[in-house]
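Structure assessment
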Amino acid sequence: MKMFVAALAGGALLLSGTPALASGPTLGPYGAGKVKLGMSAKRAKATGKIVLKRSGEHGGCSGWDLKAYPTGKNSVGLYISRKRGVAVIFAGKGMRTPEGIGIGSTMRQVRRAYPKVRTSHGLNPYVTVPGNPKAYYTFFADKGKLEQLSIAVARQDCVS
């Protein structure tokens, strides 16, 4: 029964021109899998889903990777703030938002999925996360396609 409803919903969404809903690993609305925004480093580590890469840099924030989505030597998959807990999570390859947006999506698809997306002077486009007003998505695009996206707590203190 659930498969039938999902297929019907997917068909309706495709007819309306909205991206298909995410079916794989999801980024949002509260985090990525068991790793939730706002979780302390201790609680996040206890999930068994993250591994430490850099301790206490970027204003006291530590850099971690999601074990299922390792990043290169000079990058991290998420930041944990001493004050705010899990503050920023970057999408891993194949991860999508519940609205179907992921690395490789076009900015046109982003605007269709998130009509309220905004851009401040010199900053990347961002939008409040649907279903979680205490978080926002940031979209990092080059030539109209997403190279990266992240979800972050509204007052994160790790990245600018």
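Residues numbered from 1 in each chain as written. Predicted model: local features only at pLDDT ≥ 70, side-chain atom pairs only at ≥ 80, totals over all residues. Heavy atoms only, no water.

1. Comments concerning the side chain of Gln-156
Considering the arrangement of structural elements, one finds Gln-156 in the segment after β9 (145–153). Among the polar contacts made by the side chain of Gln-156, one reaches the side chain of Tyr-136 at a distance of 3.3 Å. A distance of 2.7 Å separates a polar atom in the side chain of Gln-156 from the backbone nitrogen of Cys-158. Every residue in contact with Gln-156, bar those within four places of it in the chain, is listed here: Arg-84, Ala-87, Val-88 and Tyr-136. (Helix = DSSP H or I, 4+ residues; strand = E, 2+ residues; numbered from the N terminus. Polar contact = N/O pair within 3.5 Å; in protein donor to acceptor, adjacent residues only side chain to side chain. Contact = heavy atoms within 4.5 Å.)

2. Some remarks on the side chain of Ser-62
Looking at the element boundaries, Ser-62 is found in strand β4 (residues 61–66). Of note is the side chain of Ser-62, whose polar atom sits 2.7 Å from the side chain of Trp-64.

3. Describing the confidence of the model for the protein
Confidence along the protein averages 86 in pLDDT terms, with 83% of residues attaining 70 or more. A low-confidence stretch, residues 1–20 stays under pLDDT 50, and its non-local contacts, those more than four residues away or across chains, total 11 contacts. (pLDDT = per-residue confidence, 0-100.)

4. Let's talk about unusual backbone geometry
With omega at -5°, the peptide bond leading from Gly-28 into Pro-29 counts as cis. With respect to the helices and strands, the residue Pro-29 is situated in the loop between α1 (2–16) and β1 (31–32).

5. What to know about the pattern of salt bridges
Applying the stated rule across the entire model yields one salt bridge. In this structure, the salt-bridge partner of Lys-53 is Asp-65, at a minimum N-O distance of 3.3 Å. Residue Lys-53 is located in strand β3 (residues 50–57), and its partner Asp-65 is located in strand β4; the two are separated by 12 residues in the primary sequence. Relative accessible area serves as the criterion here: at 31%, Lys-53 is assigned to the partly exposed category. (Salt bridge = Lys/Arg side-chain N within 4 Å of Asp/Glu carboxyl O. Buried < 20%, exposed > 50% of the residue type's maximum accessible area, 1.4 Å probe, protein only.)

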